[in-house]
Structures are given as structure tokens and as C-alpha cells.
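Residues per chain, in single letters:
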Amino acid sequence: MTMRRRAAVLAATAGLALTLTACGGDDDPFEEGGDSTATEGGGGGDLTVGGANFTEMLIMQEMYAALLENAGYTVDIQSVDAREIYEPALESGEIDVVPEYLATFAEYLNGAINGPDAPSNAPIATSDAQETVDAARPLAEQRGLTILDPAEAASQNAFAVTNEFAEQNNLTTLSDLAALGQPITLAAVEECPDRPFCEPGLESVYGLDIVDPPLATGFSTSETKQAVQRGDAQLGLVGTTDGTLEQFDLVALEDDQGLQAADNLVPVVNTESAGDPAIAEVLNELAGVLTTDDLAMLNAQVDAERQQAPDVARAYLEDKGLL
């Protein structure tokens with residue numbers, strides 16, 4: 001196994017909520033990079049794995065790096081604030097591999113290629129992962145990128161209630177909640193009334209009667225979960241891979257009508273610098289085993305149990321027989 005050359009993690013300066021948002025600044029964290037030497041045929045070369053600087057993405061980056069090292073590559077990790085920083089570096093080959101969110105990345109490409117209004121007026125992402133991959137791959141090719149196989153694991157919006165409320169009303173889905181026919185107070189992000197996958201979608205797709213405005217408590221924050229736990233809200237906006245719901249005695253209701261787009265975890269590589277079929281083979285093996293529950297468990301180990309992301313990532317890969 002080769003030794004990893006780890007780059008320093010850059011300090012985060014912008015929050016991340018429902019999607020990765022833009023952040024300012026003119027510094028180029030990749031200006032010293034651009035020397036990847038991965039070659040076709042596998043078995044060696046230098047690679048940089050990049051992505052955003054928050055728990056879930058750090059775990060994914062560590063797993064990608066460990067798998068690639070095991071395949072004979074020397075790997076750097078560069079974690080930055082947001083997609084608007086790492087995606088141009090991915091296109092230029094200054095970084096070679098990133099873990100991405102399928103639907104969000106598809107619409108990022110849609111906006112970049114077809115204009116900023118395209119994600120709203122002509123979205124290409126759906127609730128079906130394969131449909132979304134098929135729509136996004138041609139756009140990625142135009143940018144010199146290749147989208148590999150998506151995992152079953154999907155990190156997307158979810159809506160949680162207390163276990164007690166779910167049991168009392170026999171709730172397992174959002175449709176079950178809507179069937180109660182009662183006004184629902186929602187704890188969510190301040191922008192929820194304007195976001196199609198939040199309040200408007202809950203109302204138009206499920207027919208929920210959301211008390212307006214929702215409580216502005218944030219995305220999957222402790223404040224949101226505590227608001228639902230206390231009964232200040234009946235429903236809270238959380239993430240499907242939030243590993244702390246159980247601590248708050250909450251359960252996420254199934255999105256049975258497919259409101260949320262397929263934000264499955266998926267590797268994206270620079271076609272020129274990381275087009276080695278061995279890279280695709282290694283990363284696609286992880287896609288074949290990683291589930292949403294697995295990712296929630298890994299997040300909980302880091303966020304709740306205070307374990308280190310590299311240790312958590314390696315233990316998971318070893319448990320699954322990938323290392």
C-alpha cells in the first residue's frame with residue numbers, strides 16, 4: 001500500500017444547508033496542484049481526492065482515498081468549503097475524484113451548461129437515480145468529467161416526527177401524515193417556503209396543511225430536532241443520513257410520493273486525469289454496498305461518538321471486505 005500525502009483541510013467559511021452553496025473569496029486552494037499522474041491500466045500514480053468540508057463528505061473522501069491507496073495509488077485529500085470551489089478544480093484536473101450528490105450535481109451541471117434558470121424551468125434530476133445519471137452523464141462529458149455508479153445511499157431532505165406521534169397515529173409515510181388532515185407546524189430552514197422540495201412540495205405533492213411560516217430552526221440542526229421533540233413543531237426538516245435522530249426520539253417518514261430528487265452518493269472523476277478503468281472499478285465496488293443506513297451510522301460515529309473520520313472510514317471498508 002502506498003503512503004498517503006495528505007493536504008491540509010482548509011477552514012470552512014460558509015454554511016452548508018439543503019445544498020452546497022457558493023462562498024466568496026479569490027484564493028485558489030488548488031493553485032499548487034495540477035500534477036496528477038494516474039495512468040490507464042491501474043496500479044499507480046498520484047491522485048487528489050477533493051470535496052466539501054463537512055462530516056459526511058470527509059468520511060466519503062477518506063473511503064475513496066483508502067480504496068485508491070489499496071489499489072496502488074498515492075492520494076492527497078483536499079477538502080474545501082463548497083462545490084463552487086472544488087468543481088472548477090475537478091474540471092481542470094487539479095483534483096481528480098470527488099464524492100458528489102447525484103441530483104444536486106446534475107442540476108449544477110444543468111445550470112452551468114443550459115443557463116441559471118434551467119434547474120428551475122427544465123430540471124433534469126428526478127427521484128429515480130438511474131434516470132438522473134442518464135440525464136447528467138452527457139452534461140458531465142461536456143465538462144471533461146465522468147460520473148461513475150451511484151450508491152444506494154442517498155443524502156437528501158427528510159421530514160421527521162417523534163416516535164410517540166408516529167406510533168399514536170400509525171405513521172410511516174408522509175402520505176400517512178397528510179391523511180390526518182390537520183395543520184402541521186414545520187421546523188425547517190428560513191427559506192423553506194420558497195424551496196420546491198420543502199414547504200411548496202409538501203403542500204402540492206402531499207396536500208399537507210403547513211402552518212406558515214415554518215419555524216426557522218435550520219436544516220437537521222439540534223434546534224430543529226429539539227423543536228419537534230418538545231412539541232413546538234410536529235414535523236422537522238432533517239437529512240436521510242442524520243445519525244442522531246434516535247437521540248432525539250425522532251423517526252423520518254418515508255417520502256412515498258418521491259418528492260425529493262435522487263441525491264445518491266456518486267463518484268465523479270476528471271476523465272483525462274482519472275479515466276483509469278481501475279479507478280472506476282474500485283469506487284464502483286463501494287457504490288455496490290453503501291446504503292443510506294450505513295452512511296447515517298458512519299455520520300453518527302463521527303458526530304455523536306467523536307470518532308475520527310479516517311478510522312471510521314477504514315473500519316467500515318474492512319468490515320465490508322473492501323480492504
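Our subject is the structure listed above.
Residues numbered from 1 in each chain as written. Predicted model: local features only at pLDDT ≥ 70, side-chain atom pairs only at ≥ 80, totals over all residues. Heavy atoms only, no water.

Trainee: Explain the pairing of strand β2 (residues 74-80) to me, using residue names and the numbers behind them.
Mentor: Side chains on a regular strand alternate between the two faces of the sheet. Burial analysis of β2 places 7 of its 7 residues in the buried class, the great majority of the element. Of the two faces of β2, the one holding T74, D76, Q78 and V80 and the one holding V75, I77 and S79 are both buried throughout. Bridge count for strand β1 (residues 46-52) against β2 is 7 bridges, and the pairing is parallel. Pairing of V49 across the sheet is with I77, part of β2. (Buried < 20%, exposed > 50% of the residue type's maximum accessible area, 1.4 Å probe, protein only. Helix = DSSP H or I, 4+ residues; strand = E, 2+ residues; numbered from the N terminus. Pairing = 2+ DSSP bridges.)

Trainee: Would you mind going over unusual backbone geometry in detail, with residue names and values included?
Mentor: Across the chain, the bulk of peptide bonds are trans and the bulk of non-glycine residues have phi less than zero. Between D212 and the following residue, P213, the backbone shows a cis peptide bond with an omega angle of -5°. Checked against the element boundaries, P213 lands in the loop between β8 (209-210) and β9 (215-216).

Trainee: Go over a negative patch on the surface with me, naming the residues and quoting the values.
Mentor: On the surface, a cluster of negative charge is made up of E164, E167, E246 and D249. Summarising the element assignment, E246 is placed in the loop between β10 (235-239) and β11 (250-253). Judged by relative accessible area, E246 falls into the exposed class, the value being 74%. (Patch = residues over 30% accessible without salt bridge, like charges linked within 9 Å, V, L, I, M, F, W, Y side chains within 5 Å. Areas by Shrake-Rupley, 256 points an atom, 1.4 Å probe, with all protein chains shown as cover. Salt bridge = Lys/Arg side-chain N within 4 Å of Asp/Glu carboxyl O. Lys, Arg positive; Asp, Glu negative; His and termini not counted. Charge placed at Lys NZ, Arg CZ, Asp CG, Glu CD.)

So yeah, pure geometry; function would need other evidence.
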